[in-house]
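Residues per chain are reported as follows:
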Amino acid sequence: MAVAAVPSLALPTPPRAAPELRRARSHSPRDVVSWTSAIARAARQGDLRAAAAALSAMLSSPAAPAPNDVTLLTVVSACADCPSSPLARHLALSLHARAVKLFPSHLLLCTCLARFYLASRLPHLALQLFGAMPVRSAVTYNTMISGLMRNGLVDAAFEVFDGMPAPDKVSWTALIDGCVKNGRHDEAIDCFRAMLLDGVEPDYVTLIAVVSACAEVGALGLGMWVHRLAVGQGLERNVRVANSLIDMYARCGQVELAAQVFRSMRKRTVVSWNSMIVGLAANGQCTDAVEHFEAMRRQGFKPDAVTFTGVLTACSHAGLTEQGLRYYELMTTEYGVAARMEHYGCVVDLLGRAGRLDEAMRVVETMPVRPNEVVLGALLAGCRMHGDVDMAEQLMQHLLELDPGGDSNYVLLSNIYAADGKWDGAGKVRSLMKARGVKKRPGCSAVEIDGDVHEFVSGDRSHQQAAEIGQMLGLLRHEMAMYDYDEHGGSCLDGD
C-alpha cells in the first residue's frame, strides 16, 4: 500500500486539544481494546477532534500500547465521514504513512483510505493506492467505481469496473447511476442492458437510475419496459421508483401515464406531487397543474421551492398573472420558502407574457442577487412578444456580458428587430454574431425505435442509415406529389 509521496509520520496535534489530551491521560485505558473503544466513541459522536486527541494521547503515552489495525481503521473511517475538515485530511495522510509501515497489505484499511481520498476530491491518490493493493475485494472495487463517478472520472471508473473479476448488483448500479449523474445517459442504458445479459438482477436503486436515463433521452419504450420489470419484481409500490416513473412519463410527454402511476400510489411524498405539478405544467396542462397544487395543500403537504417553480410556470403559461403573483407572495409569507433564481425567472416570465414589462424590469432591478441569463432571457422574450425594442436593446447589453456565446439571445434580438421592420438592426446582430464566432445551433429531433433513440440534426448525414433514410424520404415525397400534397402547405385537394 503506497502513494507517490508518503506523508510525514508525525500526527497532527488538533487545535485546542489540550483539555481532551489531559482527560485522556488522566483516565488512560490499559489495553489496546480500551484505547480503541475510547477513540471509536468520539468518532461515533462525530467529534473528530476528540478522536484525534485520544489517538495522540495513545501515541504519546509511554505506558500505552501501539495502535493496531482496528484503531487506525476507526480513525480513518471518522476522517472519511468528515472529508471537508482540514484536520481530517492531515490526520488521514499521517495515518496512511503509519499504515504503510505497520500494515502494508491490510484490505479494509486500504479500502477505507481509498474512500477517504475519493470523498476528499483526491482521486489520483485513491487510484495510486488502488493500483498498489495486492488484494482487492468487491467492496474495494465498488468504493472505487462510485467514488470515481462522484469525481467525474467516468472513464477511470469504467477501467476499474472492467478489471473486476465478477461485478455484482452494487457494481453495475454504481456504474449506471454514475453515468446518469455525469450526463452519459446512453451509456447508462447500454450498461443496464449489459447487466441484464450478464444475469444480474437489478434492484430498486438500479431501476431509478435507468428510468432517469430514459427520461433524459426520451426513451419511452424502454422506460415502459422498466416499469413492467418493476411491477414484476413488486417494486412499483416503492415510493422512489413511482416518483421516478412519474417524472419519466411526464418528460416523455405521456402525462396520462404519469397520472396513472400517481393515482395508484398508496403513499405520496412532496416529490410525488412536485413531479406531477411540474410535469403537467411542462406539457401545457396548466389548469391541472394548479388544481394539483391546491389539492396538495388541502391534503396537508407543505410545498417546497420545486413545487412553487412548477405552479408559477403553470400560471405563466396559462396567463394566470394575478393568481401566479398571489402564489409568489404565498411562497414567502406562508411557507417561508426563499425566492431562488428560478422563481424570479418565473415571475419575470409571468409579467412579461402579460405585457407588464415595466413591472418585470422592476423585479429584475430589485433582485437581491445579480440576474442570470435565464431571467434576462425571459424578459427579452416578453420584449419580443410585445415589440419593446428599446428595452430589448438595454437587456441585450447585460446578456452579452453574462452569456456572450449564447446564440439564442442574438437570434431573439434579431427577430425583435425584424418584427419591427428594423432590418438594419437585424443585420447588425448577425454581423455581431459572425464577428464573435457565435453560430446558431441547429435544432435536434429524436425518434425511438425498438428501444433505441436516434437523433437527427438539420443537414446531418452522420447517421449510419442516412442513405436509406434519404431514399425513404424521396419515396414519401414522390407519393405526396402523386396525391398533389404540398409538403409545405398541406393538401391541394378540396374536401380531402
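Everything numeric in this text was worked out from a predicted model, so none of it was measured.

Peer 1: Could you clarify how one ought to interpret the environment of Val348 in this entry?
Peer 2: Secondary-structure assignment places Val348 in helix H20 (residues 341-353). For the pair formed by Val348 and Val364, sequence separation is 16 residues and the distance between their alpha carbons is 7.5 Å. In this view, Val348 contacts Ala360, Val363, Val364, Val375, Ala378 and Leu379; residues no more than four positions away in its chain are not counted.

Peer 1: Hey, could you run me through helix H22 (residues 373-386) in this one?
Peer 2: Because each turn of an α-helix spans 3.6 residues, side chains separated by three or four positions in sequence point in the same direction. An ideal rise of 1.5 Å per residue puts 20 Å on 14 residues; H22 measures up with 20 Å between its terminal C-alpha atoms. Every buried residue of H22 is listed here: Val375, Leu376, Gly377, Ala378, Leu379, Leu380, Gly382 and Cys383. Taking the backbone nitrogen of Val374 as reference, a side-chain oxygen 3.2 Å away marks Asn372 as the first, capping residue of H22. Taken from the residues just after H22, Gly387 is the one with a positive phi, measuring 70 degrees.

Peer 1: What should I look at first to understand the confidence of the model for the protein chain in this one?
Peer 2: Interpretation of this model should avoid reading the predicted coordinates in detail wherever pLDDT is low. Taken residue by residue, the protein chain gives an average pLDDT of 82. The fraction at 70 or more is 80%. Here residues 489-496 is modelled with pLDDT under 50, and outside its nearest four sequence neighbours on either side it reaches 8 contacts, counting other chains as well.

Peer 1: How should unusual backbone geometry be read in this particular structure?
Peer 2: Excluding glycine, most residues fall at negative phi; most peptide bonds, likewise, are trans. Unlike most non-glycine residues, Arg121 shows phi in positive territory, near 60 degrees. Along the chain, the position of Arg121 falls in the loop between helix H6 (107-119) and helix H7 (123-132). The exposure class assigned to Arg121 is exposed, which follows from its relative accessible area of 53%.

Conventions we followed
Residues numbered from 1 in each chain as written. Predicted model: local features only at pLDDT ≥ 70, side-chain atom pairs only at ≥ 80, totals over all residues. Heavy atoms only, no water. Helix = DSSP H or I, 4+ residues; strand = E, 2+ residues; numbered from the N terminus. Contact = heavy atoms within 4.5 Å. Expected span 1.5 Å × (residues − 1). Buried < 20%, exposed > 50% of the residue type's maximum accessible area, 1.4 Å probe, protein only. Polar contact = N/O pair within 3.5 Å; in protein donor to acceptor, adjacent residues only side chain to side chain. pLDDT = per-residue confidence, 0-100.

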